[in-house]
Every structure is written in structure tokens, then in C-alpha cells.
Amino acid sequence: MGNINTLIVEHSQMEGERILLRPVSFDDAEDMFEYTSDEETTRFLYAEHKDLNQTKNFIANYFIKEPIGKYAMVIKESSKMIGAIEFRVHEHNHSGELGYTMNRHYWGNGYATEAGELILDLAFNILGLERVFAAYEVKNVASGRVLERLGMKCEGILRKSEMIKGVLVDSAYHSILKDEYMLSRKKED
């Protein structure tokens, strides 16, 4: 494995068929506020934002302060930022953790899956990792379906493992191994 952070920075912009992943900026504040202020979009994640200034602070203190592995999901055709996807590498065990949130008005169009595929390509083909995993609140079945479309398998459920909006919730963990990823890509060719 080369220097992970250098490789991620070199791939701070990735392009799919319909989606562009790029660093989050202040220019994204209004698009991000559109979904961070929506109770349905944030239901399984965090308390919705109350004003645009809260979203700007979120961008500054989370996305810009430590930008490596954090991407805006942008529809190429319209330049609309519809969500964010994050990839945290755990070098000690050659794995990476995937997380995402997306504006509910764009759910069901395959955008999260396309963005996830770009991250898996980065993880296995560029970074040389052995495993990618993700967790979601078990009631968020749509998120589980995205992970399954990415080829991830459910590893299990951790009971009352995450605090979301002041309530301990169960989290389902999914993963895909490099061998599984490579085999699925061979089948597609």
C-alpha cells in the first residue's frame, strides 16, 4: 500500500456515468441545507439543521477542516449537490468504512449505488484494501438495499450500538472483501 492519504487526495475527484464526487465547499451550503434540514432525510442520522448558518458551520468544521475521504455527490448534468459520501480508511487492518447521506428527493435513482461503486473502485483498485464495511440503523432498510446492490453481505447486528437523536439504536453491518469485489467485476466483463 502506498501512502493512503496521498492516494485519496490524488482521487479527491471521481467521475461516474451520472455522478461526480468532489470535495465539499461553501458553494454547496444551500444544496446541503436542503437535505440536512429535512426531517425525513436525516431521520436515521442526526437532528435536522435549523438554518443555513448551521450547515455552513457543519461544512467548515467537518468537511473542510478534515477533507480527506469526504465527497460531495453531484449530479453531473445539473451540477446539483445531492448528498455526501465518506470513506474512512483503517490502515492497521487494510479496511475502509463507507458512509453516506442523500437528499430524499433523489432516492431510488441509483445515485448512492453509483457513488458507492466509485468508492469501492478507489478502495480495492487504487488503495489496495482488503475489506470495505458500512453500518446503518436497522430501520433504514433502503440503506441496506444500497449496500446489497454494492455486493456487500450482512455480517450481523450490533444491538443498541449507536446513539441517534438521543436514542440507542441497533446497527446492521455489511461488508465486501476484495476477492468478492474482484470476482463480481469479472462476471460483469
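The model shown is predicted, which means the values in this text are computed figures rather than measured ones.

About the criteria used
Residues numbered from 1 in each chain as written. Predicted model: local features only at pLDDT ≥ 70, side-chain atom pairs only at ≥ 80, totals over all residues. Heavy atoms only, no water. Salt bridge = Lys/Arg side-chain N within 4 Å of Asp/Glu carboxyl O. Helix = DSSP H or I, 4+ residues; strand = E, 2+ residues; numbered from the N terminus. Buried < 20%, exposed > 50% of the residue type's maximum accessible area, 1.4 Å probe, protein only.

Can you break down the pattern of salt bridges residue by residue, with the values?
Once their charged atoms are close, side chains differing in charge can pair, the charge on each being opposite to the other. Following the criterion strictly, the structure yields 11 salt bridges and no others. One salt bridge connects Lys80 with Glu34, and the closest N-O pair in it is separated by 2.7 Å. A residue pair is termed long-range when its members are at least 10 positions apart, and Lys80 in strand E4 (residues 80-90) and Glu34 in helix H2 (residues 29-36) qualify at 46 residues. Residue Lys80 is classed as buried on the basis of its relative accessible area of 15%. Given the relative accessible area of 35%, Glu34 is considered partly exposed. The partner of Glu48 in a salt bridge is Lys165, with the nearest N and O atoms 3.7 Å apart. A residue pair is termed long-range when its members are at least 10 positions apart, and Glu48 in the loop between helix H3 (39-42) and helix H4 (52-64) and Lys165 in the loop between strand E7 (153-164) and strand E8 (167-177) qualify at 117 residues. With relative accessibility at 19%, the residue Glu48 sits in the buried group. A relative accessible area of 39% means that Lys165 is categorised as partly exposed.

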